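Chain and residue survey
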Amino acid sequence: MDFVSIRIITGDVPRLVGFYERATGVRARWATDDFAEIVTPTATLALASTRTVPLFAPGSARPADNHSVITEFLVDDVDRVHRELADRVTDVVAGPTTMPWGNRSLLFRDPDGNLVNFFTPVTETARERVAR
């Protein structure tokens, strides 16, 4: 098995795609007006319209209602990224902070309120954990 993506359901796909394109510097691949992907070398962030939910199971997902998942991106230098995102990300939950498990993390919310963590491993143990 290989974990390849996570999907966010949103009521406004272009707005959310634009946010993630600006935040990550990665251009989205659009499949339809209702579905786009931010593809990185190791995983994909899929962004889909509420109109796609009935294709799986009607009522199974609601936009802007996430209270438990944090989408995480590994970055080379979280402090630099924080400075670069200052004019793009308005809802910073926690500025760069070194966590007990060895990651330096920047936690913010996307326009739908979903938590996003950009992090850089700063200890040897943390670097080993993310090495592939």
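Preceding this section is the structure that the text describes.
Read on for an overview of the structure.

Rules used in this analysis
- Residues numbered from 1 in each chain as written.
- Predicted model: local features only at pLDDT ≥ 70, side-chain atom pairs only at ≥ 80, totals over all residues.
- Heavy atoms only, no water.
- Salt bridge = Lys/Arg side-chain N within 4 Å of Asp/Glu carboxyl O.
- Buried < 20%, exposed > 50% of the residue type's maximum accessible area, 1.4 Å probe, protein only.
- 1 Å grid on protein atoms, 1.4 Å probe; cavity = no way out; pocket = protein on both sides within 12 Å on 5 of 7 lines; lining within 4 Å.
- Points joined across faces, edges and corners; volume = space filled by probe spheres on them.
- Helix = DSSP H or I, 4+ residues; strand = E, 2+ residues; numbered from the N terminus.
- Nonpolar A, V, L, I, M, F, W, Y, C, P; charged D, E, K, R; others polar.
- Contact = heavy atoms within 4.5 Å.
- Phe/Tyr/Trp six-rings, centres within 6.5 Å; stacked < 30°, edge-to-face > 60°.

Scanning the model with the defined rule gives nine salt bridges in all. One salt bridge connects Asp12 with Arg15, and the closest N-O pair in it is separated by 3.7 Å. Look at Asp12 and you get partly exposed, because its relative accessible area is 30%. Among the ionic pairs, Asp87 bridges to Arg88, the shortest N-O distance being 4.0 Å.

Attention now goes to the layout of surface pockets. Considering only enclosed or pocket space, the largest pocket measures out at about 1,100 Å³ in volume. Listed by contribution, the elements that provide at least two residues to the lining of the largest pocket are β1 (5-10), α1 (13-24), β4 (44-49), β5 (70-74), α3 (78-85), β7 (103-109), β8 (115-121) and α4 (124-130). Of the residues in the lining of the largest pocket, the class split is 22 nonpolar, eleven polar and nine charged. Counted as a void, the second largest pocket has a volume near 260 Å³. What lines the second largest pocket is a set of 16 residues, among which Arg7, Ile8, Ile9, Asn66 and Asn114 lie closest to the centre. Residue contributions to the lining of the second largest pocket peak at four residues, all from β1. Broken down by class, the residue content of the lining of the second largest pocket amounts to eight nonpolar, five polar and three charged.

Here we take up the environment of Ile38. Within the element layout of this structure, Ile38 appears in strand β3 (residues 35-39). Residue Ile38 is classed as buried on the basis of its relative accessible area of 0%. Aside from chain neighbours lying at most four places away, what touches Ile38 is Tyr20, Glu21, Thr24, Val26, Arg27, Ala28, Ala43, Thr44, Leu45 and Leu47.

On to the packing of aromatic side chains. One pass over the structure, following the stated rule, counts four aromatic pairs. A centroid spacing of 5.2 Å and a plane angle of 90° characterise the contact between Phe19 and Tyr20, whose relative ring orientation is edge-to-face. Comparing Phe19 with Tyr20, the two get one shared label, buried. On the basis of an interplanar angle of 85° and a centroid distance of 5.1 Å, the ring pair of Phe108 and Phe118 is categorised as edge-to-face. Note that Phe108 is positioned in strand β7 and Phe118 in strand β8, a separation of ten residues in sequence. The residues Phe108 and Phe118 share a single accessibility class, namely buried. The structure contains a cluster of three or more aromatic residues connected by ring pairs, namely Phe19, Tyr20, Phe73, Phe108 and Phe118.

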